[in-house]
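Below are the chains, spelled out letter by letter.
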Amino acid sequence: MPYTPELKQLIKKVEATRPERVRRKKEGKEMPAMSLEERQAVLDAFHPDCKKTSKRSIGVGVNKGYAISPEIVDQLESKSRVNPDQVDLNPRFTTDVLVVGGGGAGVAAAIMAKEHGAKVLILTKLRVGDANTMMAEGGIQSSSKLHKDSPYYHYLDVLGGGHFKNVPELAEALVGDAPETLAWLESLGCMFTKDPDGRLLTIHGGGTCRKRMHYAADITGAEIMRTLRDEALNFPEDIKVIDFTSAVELVLNDQGQCAGVVAYNHETEEYFTIKAKAVIMATGGSGRLHIQNFMTTNHYGATGDGLVMGYRAGVELNFLHTVQFHPTGVSYPDQIEGLLLTEKFRGMGANILNIDAEQFVFEREPRDVEAAAFIRECEERKKGIATPSGKVGVWLDSPMIDDLKGKGTVEKEFVGKWKLYMRHDIDISKEPMLTYPTLHYQNGGLKINARSETSLPGLYAAGEVAGGIHGENRLMGNSLLDVCVFGRRAGRSAAEFVKSGAKDGKLGLEHVKKYHQELEAAGIGGGRVSPMLLPDYGNPDVRKNQITTCYLGTIR
Amino acid sequence: METKVNLIPIHVMGKQYMVPDTLTVMKAMEYAGYQLTRGCGCRGGICGACGIAFRLPDSYKIEVGLACQAMAQPGMYLAVLPFFPNKRGIHDLNKVKAAVDTFKALYPEVFKCVSCNTCTKSCPMSIEVMDYINAVIRGDIVQAAELSFDCVMCGLCTSRCPAEISHANVAILARRLYGSQITPRAEHLAKQVEQVKAGKFNEGLDQLKKADVNKLKELYKAREAEPDNTPDEWAPKSNDYL
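If you're wondering where the values come from, they're calculated on a predicted model, not measured in any experiment.

Q: When you look at the sheet that holds strand 8 (residues 213-214) of chain A in this model, what are you seeing that I'm missing?
A: Residue and element names in this part refer to chain A. Taken in spatial order, the 3 strands make up an open sheet running 6-8-7, and their pairing is antiparallel. Edge positions in the open sheet fall to strand 6 (140-141) and strand 7 (202-203), since each of these has one partner strand only. Where strand 7 meets strand 8, 2 bridges bridge the pair, whose relative direction is antiparallel. The partner of Ile-203 across the bridge, within strand 8, is Met-213.

Q: Honestly, helix 1 (residues 25-32) of chain B in this entry has me stumped. Any pointers?
A: Helical periodicity: at 3.6 residues per turn, an α-helix aligns residues three or four positions apart in one direction. Buried residues dominate helix 1 of chain B, accounting for 6 of its 8 residues. By the burial criterion, the buried members of helix 1 of chain B are Val25(B), Met26(B), Ala28(B), Met29(B), Glu30(B) and Ala32(B). Where helix 1 of chain B is buried, its residues touch helix 17 (540-543) of chain A together with strand 1 (7-12), strand 2 (15-20), strand 3 (51-55) and strand 5 (77-81) of chain B. Phi turns positive, to about 120 degrees, at Gly33(B), one or two residues after helix 1 of chain B.

Q: Just checking my understanding: could you explain the packing of aromatic side chains for this structure?
A: Here the distance between the centres and the angle between the planes together describe a pair of aromatic rings. Residue and element names in this part refer to chain A. Overall, the coordinates contain 14 aromatic pairs over all chains when judged by the stated rule. Members of the aromatic cluster, joined through ring pairs, are Tyr-3, Tyr-332 and Trp-395. Across the ring face of Trp-184, the terminal group of Arg-488 is positioned such that the distance to the ring centre comes to 4.6 Å.

Q: How do you make sense of the domain arrangement of chain A when you look at a structure like this?
A: Size of an interface: often given as the accessible area lost when the parts come together. All names here are of chain A. Per the domain assignment, the segments of chain A are domain 1 (5-30 + 329-437) and domain 2 (75-322 + 443-501). If you average the C-alpha positions of domain 1 and of domain 2, the two centres end up 31 Å apart. Tallying the contact residues gives 25 residues for domain 1 and 20 residues for domain 2. Between domain 1 and domain 2, the buried area comes to about 1900 Å², and carbon and sulfur atoms account for 59% of it. A per-residue breakdown of the area domain 1 buries against domain 2 is headed by Lys-344, Arg-364 and Arg-367, which together make up 26% of the total. In this assembly, domain 1 and domain 2 are joined by 1 salt bridge. Within the residue set of the side of domain 1 that touches domain 2, elements represented by two or more residues are helix 10 (344-347), helix 11 (367-379), helix 13 (409-413), helix 14 (415-422) and strand 18 (433-442). Among the elements that take part in the side of domain 1 that touches domain 2, helix 14 stands out by supplying 3 residues, more than any other. In terms of residue class, the side of domain 1 that touches domain 2 is built from 10 nonpolar, 5 polar and 10 charged.

Q: Looking at this structure, how should I read helix 2 (residues 36-46) of chain A?
A: Listing the buried residues of helix 2 of chain A in full gives Leu36(A), Arg39(A), Val42(A), Leu43(A) and Phe46(A). Seen end-on, helix 2 of chain A carries its buried residues on one side only, within an arc spanning 130 degrees. In helix 2 of chain A, the exposed residues that point more than 90 degrees away from the buried face are Glu37(A) and Ala45(A). Looking at the buried residues of helix 2 of chain A, the elements they touch are helix 11 of chain A together with helix 10 (213-221) of chain B.

Conventions used here
Residues numbered from 1 in each chain as written. Chains lettered and ligands numbered in written order. Predicted model: local features only at pLDDT ≥ 70, side-chain atom pairs only at ≥ 80, totals over all residues. Heavy atoms only, no water. Pairing = 2+ DSSP bridges. Helix = DSSP H or I, 4+ residues; strand = E, 2+ residues; numbered from the N terminus. Buried < 20%, exposed > 50% of the residue type's maximum accessible area, 1.4 Å probe, protein only. Contact = heavy atoms within 4.5 Å. Phe/Tyr/Trp six-rings, centres within 6.5 Å; stacked < 30°, edge-to-face > 60°. Lys NZ or Arg CZ within 6 Å of the ring centre and 35° of its normal. Domains from an automatic or database assignment. Buried area = accessible area lost by both parts, 1.4 Å probe. Salt bridge = Lys/Arg side-chain N within 4 Å of Asp/Glu carboxyl O. Nonpolar A, V, L, I, M, F, W, Y, C, P; charged D, E, K, R; others polar. Arc of directions from axis to C-beta.

Following this line, the structure appears as structure tokens:
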């Protein structure tokens, strides 16, 4: 729905301060960025991670005592969806490399594993490409402008964004592989935004010291995802796909290696075993767990399955004590609440404003700082803008981009969002957008090394499910890079393992039985089972009448 | 202040449910009690997983849309199309040319287009689908790529096409040919790849990897920031580590 008369009245204030703000920006006069001390102060007081109720210690397993979001702990402190004694471990499918997850990391891994001689099977609970990669908008970072940028400065930015906690060898892999990875995507035919002579256009992102954000209009992730998907699906002999089927447990063999998964067919509701010489976990993030009840930018399947499966098999978790909230999620209109408004809006100069149309924060702070500043403005200073359904937001002044870069820029550079808002009769090249922080990214995950190996031989992890690359906070444009860099590394490593390290052995689920015993001994878990696989958005009034819990005759 | 919920009837695959009139079709189905296992992806109109076909009362027209974007409307009859059997012309991108003959070989049905424009009318992204198909027929791959750029590959155009064209797969072939063979490659990027491979940045990165937090903070604070509104030619004062 369009803005209400009350909101339109407030927009007039934004319009009143805009010419002066545009003039200052054209003169290069920016609002000053916060010092590291100021950043820390606003994070400590207002970032959702710092709330007292935001953490609980994990009660069992290799990270016992590690305090992270209770919503994730609930998933970890749960029993398997299957009774390990009942599962038929005779494999229905056998492959060299099994990729769990059909997003950017999974598909990049599949392509690389194929190129290194492996037969690949992609298992995905929705369709290939139904993933956060598809929804990433703003861009992909890489140093590419030789006269002003290099992996050295990219590394410094990555570390600064991550509070200097990143695993050095992973950050090094990220920035070092970046140019080659970007060139690979270019060779696959990604339509990056370029000058006629082929020079890539680049802009800033939050926390970057050089303009190194490469993009494809405002659908960079979709462009990368659909290109990778097309490439993978063009080799059906080497890369097979089973979709609408989840992995629910890893399967180990008696050589101590990861050797497949227990899969669940969502239609037939049947569990079966897939045997593999190597498994790549690429299940993505966990936004659909709705940590602290925040709305999320994540796709429907982002329920943290890979964390659960890996953890039960003894793989250590790291950096899950921080969760990334994207500062600019949609808070109005309600139909698209929580949806991501790319950081590129701010990268191209759009200011952030409160109800009095005043700037209260520089628009390109790192994401965690920017989000915390929004929350402070609304919660403490009470200068947010209330929506008719009782939510709150701050203005993202998109029309000033047209004033800065020329009329028509918003429609051209943000065509996806422009069309989306036009469906609700809001023209974002003329009216600003109401935004509030939204649950965006799982900073941590399964611990890996620079070869994308986990501590379990034969198990690799890549993309959002892995942790350490971004430390405690990821910068814009480094996740599309991450999924491609570590997807490629995982694919290569797994294919090499298939040739040289994989040993055949008897399949088993002893680790699940052991985990169940631990849960029982600790007296935790209650009746929960995990992974969740899909979120429950059912109507509670309907749910309370869905009282069949087991098979009775033919219909459930 | 509690706003009053206005309930309207919709028919999901023939069965009537009363749902609030402020919901998208996807949220209306969940409100009705569906646990979606197909036909749901990004919930934001970009992944193309949730195609629907519907008809409104007193209209003969069959309309299509995305369940996460289309609003529930009183009396609508809808069916979900989470999967549509698209044709794929299997190819290795490195072995096909950016020329009309490639499309003739992989997607000959394109040339049977009757220019009815139903594809364009059915596109939830408002893409000029017929125009890009015609561009392919003329061999204008650049135009086909540019016109189809916003395609979410939902396949709704295919579901309505009398010539049975798999438009989305035709379009991505055009875009990938455009991106890989027609536009010039970025020379600066190729040079950077060479520099990385030659080990030019290893020493600097080694220093950073070994640096303690205080040293890193010092270097971080000292970074020279490229101003926002400067041309691409801007260069930092220091050439160190470039």
